[in-house]
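Coordinates in review
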Amino acid sequence: MAPDRRTDWWRDAVIYQIYIRSFADGDGDGLGDIAGIRSKLPYLADLGVDAVWINPWYPSPMADAGYDVSDYRSVEPRFGTLEEAEALIAEAHQHGLRVLLDIVPNHTSDRHPWFADALAAGPGSRARDRYVFRPGRGPDGDEPPNSWQSVFGGPAWERVTEPDGSPGEWYLHLFAPEQPDVNWEHADVWSDFEETLRFWFDRGVDGFRIDVAHSLIKQEGLPDAEDLEWPRRPVEVDGALHRSPWQPHPFWDRDEVHEVYRAWRKIADSYDPPRVFVAEAWVDEPERLARYLRADELHTAFNFTYLQAIWEAGYLRHVISETLAEQGAVGAPATWVLSNHDVARHVSRFARERSEPGSSVMQLLDLPADLDLGRRRARAAVLLTLGLPGGAYVYQGEELGLPEVEDLPDDVLQDPTWERAGHTDRGRDGCRVPLPWSGSAPPYGFSPEGSTAAPWLPQPGDWAGLTAEAETGDPGSMLELYRAALRLRRETPALGDGELTWLELPEGVLGFTRDPGFACVVNVTGTHAALPEGYDILLTSDDLGTEGRLPAATSAWLKRN
Ligand code: NOJ
């Protein structure tokens, strides 16, 4: 039966991630906003993506760039108003773009009314039980309740002062102290998040990206975390991917978390057309990740094993095959992603020779960088990504070929990681620098002409050639490559959801065919690679070398002649 595009669009959608703070500033305060997004909808429609995912736009003290939400059913005034949000959703739909928002169910802001109630109500209260409060260890209770560490560095616990002024209980925060974890054993937590889903679904939102979808449930008794490896990135041993045996973790990927998503799926399915979910779950075990994608749970998940893969043909092929096998087994389409707002931009990752998978900026800084090579690989990688079966994500600015900004001065860094890790980890600001749209100097059209406020993070002085304006019409630009690939993806029946058949090609070269009549070949690291017989070229990531062969770090889309 032919797929129903109205309900199955998500099975092969290309979804553009809008990191709202850095996308486009409509009101001239140096911070991106809803007005900025509305002004760029024609750009996104022209780019050829199917949907947008917008990072949190809710009221927030911004301790973690909006992932500390103080009101889930409203809009941060610096980003705009609820009316503007509704207008954006309607206008996006008119442009043929679906809209996904970001829901943050693991923690609220410490300024959320619930947290104020919890502090005021004191130990043992129902209000406090909406979060994870525990007495401390040690004779005076002045040691954290267990050994858990925050993702941003330091203990995952903060001690509070009780209403009577005495040193009190501790609360859990897997991220910053301003992000207290909520307690998913509490009925209010269930009902409130369900109300939030409905609030936005009723306003026409097509789905949600679920923040740290794998962390909601904590092991009963909150036992100390042994020194468990997480995330568990596979390494290549003897031509196969290898992981140490899986063991349960006290807070990542607990089996009970699936009950939450089964309940959410019922809500999404009660809408017409049904709404959809994508899990942000850093679960590197393909079989464990696939559990989130069972028919009565979430629709898709980000593929972080692919994002973190090393630039090596065998490794990439294993990751792709594993993904397709495990997700196919539960009937879910794969998704493919190269970058997002939490990882070093892939042009800069690909500029390094790495033998270990990973994505953090700290893994890069000491390695020599060849940005031209990084760009060539990024061009080759996007044809691979968009040629694979399933859906794909594009992180704003990757279509311009932006690199990671690695030399932001220490005093402008805003990611809580920088302070929490005692200035040992520069964090994620380098991939969050405001986009360059036009012109030859900062703010490169990010803010309207005449604005006096500077962009919230400084843009490099050498981005004039990387603006959307400069790249438009330049056949060699990254932007025109993305536009061409996205257009062809829509026109080519073999692309999108489906299957692939691997081609057996020389060492360092990856290739597959898809029916009807499509082939993709990526020369990852090989010597000049011949193209398979019987095909014409649809698109190449770079000029072909001598005798029509693919140089290393080049890819091609082909169609059977
Ligand atoms: C994942 C988000 O992508 C990241 O930006 C945020 O810091 C954490 N979750 C905590 O919400």
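Right, let's walk through the structure included here.

Cut-offs applied
- Residues numbered from 1 in each chain as written.
- Predicted model: local features only at pLDDT ≥ 70, side-chain atom pairs only at ≥ 80, totals over all residues.
- Heavy atoms only, no water.
- Pairing = 2+ DSSP bridges.
- Helix = DSSP H or I, 4+ residues; strand = E, 2+ residues; numbered from the N terminus.
- Buried < 20%, exposed > 50% of the residue type's maximum accessible area, 1.4 Å probe, protein only.
- Near = heavy atom within 4 Å.
- Polar contact = N/O pair within 3.5 Å; in protein donor to acceptor, adjacent residues only side chain to side chain.
- Areas by Shrake-Rupley, 256 points an atom, 1.4 Å probe, with all protein chains shown as cover.
- Contact = heavy atoms within 4.5 Å.
- Axes fitted to C-alpha atoms, helices over the stretch in contact; angles between N-to-C directions.
- Parallel < 35°, antiparallel > 145°, perpendicular 65-115°, else oblique.
- Left-handed = near helix turned anticlockwise from the far one by under 90°.
- Nonpolar A, V, L, I, M, F, W, Y, C, P; charged D, E, K, R; others polar.

1. Quick look at the pairing of strand 5 (residues 157-161)
As judged from the four bridges shared by strand 5 and strand 6 (residues 167-172), these two strands associate in the antiparallel manner. By the bridge assignment, Thr161 is partnered in strand 6 with Pro167. In this structure, the hairpin formed by strand 5 and strand 6 is closed by a connection of five residues, where Gly165 is found at a positive phi of approximately 90°.

2. A closer look at the pairing of strand 7 (residues 207-210)
Burial along strand 7 is two-sided: Gly207 and Arg209 and Phe208 and Ile210, pointing in opposite directions, are all buried. Note that strand 3 (residues 98-103) and strand 7 share four bridges and pair parallel. Bridge pairing in strand 7 places Asp102 opposite Arg209. Pairing between strand 7 and strand 10 (residues 276-279): four bridges, direction parallel. Pairing of Ile210 across the sheet is with Ala279, part of strand 10.

3. Things to note about the site of the ligand
Lining the immediate surroundings of the ligand are 13 residues, of which Asp64, Arg209, Asp211, His341 and Asp342 lie closest. In this structure, an oxygen atom belonging to the ligand sits 2.8 Å away from a side-chain N or O atom of His341. Taking Arg428, its side chain carries an N or O atom lying 2.9 Å from an oxygen atom of the ligand. Here the ligand, which alone exposes 290 Å², has 98% of that area covered by the protein.

4. Description of the sheet that holds strand 17 (residues 535-540)
If you walk across this open sheet you meet the five strands as 14-15-16-18-17, and the pairing is antiparallel. A strand with exactly one partner marks an edge of an open sheet, and here the two such strands are strand 14 (501-502) and strand 17. When strand 17 meets strand 18 (residues 554-560), the two strands line up antiparallel, connected through five bridges. When the sheet's bridge partners are listed, Ile537 is paired in strand 18 with Leu558. Most of the contacts of helix 12 (residues 371-387) go to strand 18, to which it runs at about 40°, and overall it touches strand 15 (509-514), strand 16 (518-523), strand 17 and strand 18. Of the strands in this sheet, strand 17 and strand 18 touch helix 15 (residues 478-491), which is tilted by about 135° from strand 17.

5. Overview of the sheet that holds strand 5
One key point about sheets: their strands pair by backbone hydrogen bonds, in either a parallel or an antiparallel sense. Taking strand neighbours across the sheet as the criterion, the three strands line up as 4-6-5 in an open arrangement whose pairing is antiparallel. Each of the sheet's edge strands pairs with one partner strand only, and the pair in question is strand 4 (133-134) and strand 5. Here strand 4 runs beside strand 6; their pairing, made up of two bridges, is antiparallel. Bridge pairing links Arg134 to Trp170 in strand 6.

6. Regarding the packing of helix 6 (residues 187-202) against helix 7 (residues 257-269)
Each pair of packed helices gets described by two things: the angle between the helix axes and the distance between those axes. Two numbers describe how helix 6 lies on helix 7: the axes approach to 11 Å, and their chain directions differ by 30°. When the axes of helix 6 and helix 7 are compared, the pair comes out roughly parallel. For the element pair helix 6 and helix 7, the recorded crossing hand is right-handed. Across the interface between the two elements, Trp190, Phe193, Glu194, Leu197, Arg198 and Phe201 from helix 6 touch Glu259, Val260, Ala263, Trp264, Ile267 and Ala268 from helix 7. Its residues assigned to classes, the contact of helix 6 with helix 7 comprises nine nonpolar, no polar and three charged.

Honestly, that's just the spatial picture; any functional story needs more than this.
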